[in-house]
Amino acid sequence: MRIRHTVAATAAATGIITAIAAAPAQAAEYSSALKIKGVQYDAPGRDDNRCNGGNTRDEYLTIKNYSSGTTVNLKGYVVKDAAGNRYTFTINHYLQPGDYVRLRGGRGTESDANNVAYRQNCNFIWNNDKDTIYLVKPSGAYADVHSYTKRDNDRDGNGYITYHG
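Thresholds, definitions, all that
Residues numbered from 1 in each chain as written. Predicted model: local features only at pLDDT ≥ 70, side-chain atom pairs only at ≥ 80, totals over all residues. Heavy atoms only, no water. Helix = DSSP H or I, 4+ residues; strand = E, 2+ residues; numbered from the N terminus. Contact = heavy atoms within 4.5 Å. Pairing = 2+ DSSP bridges. Axes fitted to C-alpha atoms, helices over the stretch in contact; angles between N-to-C directions. Salt bridge = Lys/Arg side-chain N within 4 Å of Asp/Glu carboxyl O. Buried < 20%, exposed > 50% of the residue type's maximum accessible area, 1.4 Å probe, protein only. Phe/Tyr/Trp six-rings, centres within 6.5 Å; stacked < 30°, edge-to-face > 60°.

(A) How the structure looks around the overall build of the protein. If you tally the helices and strands in the protein, you get 3 helices and 11 strands. For the protein, the sequential pattern of α-helices and β-strands runs α-α-β-β-β-β-β-β-β-β-β-β-α-β. Contacts in the protein between residues far apart in sequence, at least 24 positions, make up 57% of those at least 6 positions apart.

In structure tokens form, the structure reads like this:
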């Protein structure tokens, strides 16, 4: 036991614990069945946020249930970005194991059958250069968090980044 206390005291004195606590949020692996599978952060074409004729629908976030046996209800989950733009799933939307939903910009009808939800907002949520995506459980705990930069994470330049395969 003394050795463990000595190691902990030495680690604290050298700042190792501080460095671990300061690690970026996306470095943590959250214990959640729901994860961000990927994001189309830059809709193809020139950005146009008009509700009719615009391309905000082409910007989307894919959330997947990675559990092997648990169905998850998205009601109460929140998706937000670094600037505080947010979307809350307000109705029951059940993801079976292995199932996914695409949260799209623009207006539309949420549908389990079509695996889609709409933010009911024609403004783009994700920045085209860099951003942080938060998936938050109804309890307020993080389910998943990812930061990206176009330069570091989108090598092929297609505006899509995959996080969990």
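Still to come is the rest of the account.
(B) Broad picture of the sheet that holds strand E2 (residues 60-65). Overall, mixed pairing links the 5 strands, which are arranged E8-E7-E2-E1-E11 in an open sheet. The sheet is open, and its two edges are formed by strand E8 (116-118) and strand E11 (160-162), each paired on a single side. Ignoring strand direction, the axes of neighbouring strands in this sheet form an average angle of 25 degrees. Bridge count for strand E1 (residues 34-40) against E2 is 6 bridges, and the pairing is antiparallel. Its bridge partner lying in E2, Leu 34 is registered against Asn 65.

(C) Spotlight on the pattern of salt bridges. Enumeration according to the criterion identifies 3 salt bridges in this entry. When the shortest N-O distance is used, the salt bridge between Asp 48 and Arg 50 registers 2.7 Å. By relative accessible area, Asp 48 is classed as partly exposed at 21%. As a salt-bridge pair, Arg 151 and Asp 152 come within 3.0 Å of each other at their nearest N and O atoms. On the basis of relative accessibility, which here comes to 64%, the residue Arg 151 falls in the exposed class.

(D) Inspection of the side chain of Thr 62 at higher detail. Structurally, Thr 62 can be placed in strand E2. Discounting chain neighbours no more than four positions away, the residues touching Thr 62 are Lys 35, Ile 36, Lys 37, Gly 38, Tyr 100, Val 101, Arg 102 and Tyr 160.

(E) Representation of the packing of aromatic side chains in the model. All chains considered together, the criterion is met by 4 aromatic pairs. Consider the rings of Tyr 60 and Tyr 160, whose centres lie 6.2 Å apart with planes at 45 degrees: the pair is tilted. Here Tyr 60, found in strand E2, pairs with Tyr 160, found in strand E11; they are 100 residues apart in sequence, far enough to count as distant. The exposure class of Tyr 60 is buried, given its relative accessible area of 13%.

(F) Up close: the pairing of E1. Judged by how many residues are buried, E1 sits mostly within the fold: 6 of 7 residues are covered. In this sheet, E11 lies alongside E1 in antiparallel orientation, the contact comprising 3 bridges. Along E11, the bridge assignment pairs Gln 40 with Tyr 160.

(G) Spatial organisation of the sheet that holds strand E10 (residues 142-149). Spatial strand order, E5-E4-E9-E10: 4 strands in an open sheet with antiparallel pairing. Two strands close off the open sheet at either side, each with one partner strand: strand E5 (86-88) and E10. Between one strand and the next, the sheet's axes are offset by a mean angle of 10 degrees, whatever the strand orientation.

(H) Here's a closer look at unusual backbone geometry. Notably, Asn 115 is not glycine yet its phi reads approximately 50 degrees, a positive angle. Within the chain, Gln 120 stands out as a residue other than glycine whose phi angle is a positive 60 degrees. Summarising the element assignment, Gln 120 is placed in the loop between E8 and strand E9 (130-136).

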